[in-house]
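Listed below are the residues making up each chain.
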Amino acid sequence: LYSITIIGTAFIPEIDSPQMSATLVMPDDSDADTSKLTADQVSEHILTIDAVAYVGAMSGGSSLMGFGSGGQDSRSTSFYILLQEKRDLSNHDIEREISRLTEDLPGEVSVSAANMNMGMLGDSGITVQIRGQDFDMMGQVATEVIAVLQETDGIAEVVSSLDQNGEELRIIVDKDKAMRYSLTVAQIYQKLATALQQEQQAIVLTDGIENIPVLLKPEADKALTRENLGRFVIEHTDQAGVEHQVQLNQIARIETASSLQSINRENQSRYLEVSATLAEGHNIGLVSRDLEPLLQSIDLPTGISLEISGENAMIHDALGDLFLMLALAVLFIYLIMVAQFQSLLSPFIVLFTLPLAFTGGQLLLWILGMELSVIAALGFLVLAGVVVNNGIVFVSTVNQLRENRMERKQALLETGVLRLRPILMTAFTTILAMITMAAGFGQGAEMTQPMAVVTIGGLLYATVLTLYVVPLIYDVFHKRHLKQADVGDTELDGSDSRTAAQDRLAANHDDSEVAK
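All values derive from a computational prediction rather than experimental measurement.

### Digging into helix H3 (residues 91-101)
- When H3 is considered as a whole, its buried residues turn out to be Asn91, Ile94 and Ile98. The arc that holds every buried residue of H3, seen down its axis, measures 60°, which confines them to one face.
- The elements touched by buried residues of H3 are strand E2 (19-25), helix H2 (32-47), strand E3 (52-59), strand E4 (76-83) and strand E5 (108-112).

This is the structure we're talking about:
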């Protein structure tokens, strides 16, 4: 239980994939030639690494798979790196080497060590959603969230929806002043919208089969600009027929503000996102655990809420479903054993092998430095159906010996001798079969490695302790003899009962029992 709190969690184990990606972002004042020259230098530096086979570059920041925003940025270049099939360096080693080689170049180079990580099927890292209706207040809260993330240990890079904001001019109309000229906000908007139209279609000329639209454009000196917007004259005739003329700056305030490029909604609610990537050597579960109380300490305005999503939320959902499956598996195993033993107590004793198995699997994860991932949780599900076999063999043999009038403690000791070899054979055949998977040989083997590690650790631990713990639990719960053993005047003494029981077992013993 203690190790669960310190090893951390992960959705899918990191895979040492044959592909990597990198992105070069040049400064704002860089021209196209400088960007291309720097991109060529980055490619040359990457190719000097022995583990790299090929490098492809795409200017404009377009994604290879077509995901992401539709626009392109000429200052950005994406690199797609194909690695050698046989190499000595891991993906993280190559990531560090690329960062070292390109640190003196202009621009910023960011490297993704796992271009084919299964975690990319969902949100990776930590994502905080700020929900509400007022974008100004949401922006203020997003700034506080960014500050908290940047101060949290284990956070490498923080990005938000605000990073891509543009700039807009806001016209705040003073309704009292506007009413003096019999103007409403809607009328002012309509006048401005008409004046801001760059061009409008007046007529369409037809030349044979070709249609030629005729567009009207305002004169250059009459076009609205940032400088002359406040001097824009609004002409209006009120209901009494009186004409009014007023400049915009007399009835409104003009100011510059940050503008979102797009408005995101989910479940009819607007939201901004702040995302963070993890620094190398840090775990998503442990960092999220430290981050949550810091986010809860932020004083949120009315109507604004925070929601943590991303990889950690996916982990909680997936592990919750798997633990529910595990609980159902344990219930079904118990019901099957009840039908087999025709008893409620014996299956309950066998179930004590499950915490032993789970402890062994968790301990081996801890020793090998692995996280508790969804794949590792599948290993616990496998253990639930495997480790009870040894307990079933042990308890059923003890019951048979006691039915043959052997004393309880003597039956427990005798069962340990008779069933040691079948129990060890059953456990070690499974363990040996899983060793190659646990060793993690081959490309992509990291995906299934935690499941094999959990299975091997659980079987080793449970097999050894089953020979000690199950007899003790059996002795505690069976303080009285079985009903079959109560038949007769007295119970045989230890030596006679052992001889009689062995004769009975020898007569009824067959190969199917050993196989079981």
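### Some points on the nonpolar core
- Met337, Val350, Leu365, Leu383, Val387 and Val395 are the most contacted members of the largest nonpolar core, which has 42 residues in total.
- Listing elements by their share of this core, those giving two or more residues are helix H9 (311-341), helix H10 (345-350), helix H11 (353-367), helix H12 (374-386), helix H13 (388-403), helix H14 (408-418), helix H15 (420-439) and helix H16 (449-477).
- Counting residues per element, this core draws most heavily on H16, at nine residues.
- Once you skip the residues sitting within four places of it in the chain, Val350 turns out to touch Met337, Phe341, Val388, Gly391, Ile392 and Val395.
- Counting residues in hydrophobic clusters, the runner-up holds 32 residues, among them Val128, Val141, Ile155 and Met447.

### Some details on the packing of H9 against H12
- The geometry of H9 relative to H12 is characterised by a closest axis approach of 10 Å and an angle of 5° between their N-to-C directions. Compared by their axis directions, H9 and H12 come out roughly parallel. Residues Ala318, Leu319, Leu322, Met325, Leu326, Ala329 and Ile333 of H9 lie in contact with H12, whose contacting residues are Val374, Ala377, Leu378, Phe380, Leu381, Ala384 and Gly385.
- For the contact of H9 with H12, the per-class residue count stands at 13 nonpolar, one polar and no charged.

### Considering the sheet that holds E2
- An order of E3-E4-E2-E5 is seen for the four strands of this open sheet, with the pairing classed as antiparallel. Strands with a single pairing partner mark the edges of an open sheet, and in this sheet they are E3 and E5. Ignoring which end each strand starts from, the neighbouring axes of this sheet average 20° apart.
- Across seven bridges, the pairing between E3 and E4 is antiparallel.

### Section: the pairing of E2
- Direction of pairing for E2 relative to E4: antiparallel, over a ladder of seven bridges. Residue pairing in the sheet places Met20 in a bridge with Ile81 of E4.

Criteria and cut-off values
- Residues numbered from 1 in each chain as written.
- Predicted model: local features only at pLDDT ≥ 70, side-chain atom pairs only at ≥ 80, totals over all residues.
- Heavy atoms only, no water.
- Buried < 20%, exposed > 50% of the residue type's maximum accessible area, 1.4 Å probe, protein only.
- Helix = DSSP H or I, 4+ residues; strand = E, 2+ residues; numbered from the N terminus.
- Arc of directions from axis to C-beta.
- Contact = heavy atoms within 4.5 Å.
- Core = buried A, V, L, I, M, F, W, Y, C linked by side-chain atoms within 4.5 Å.
- Axes fitted to C-alpha atoms, helices over the stretch in contact; angles between N-to-C directions.
- Parallel < 35°, antiparallel > 145°, perpendicular 65-115°, else oblique.
- Nonpolar A, V, L, I, M, F, W, Y, C, P; charged D, E, K, R; others polar.
- Pairing = 2+ DSSP bridges.

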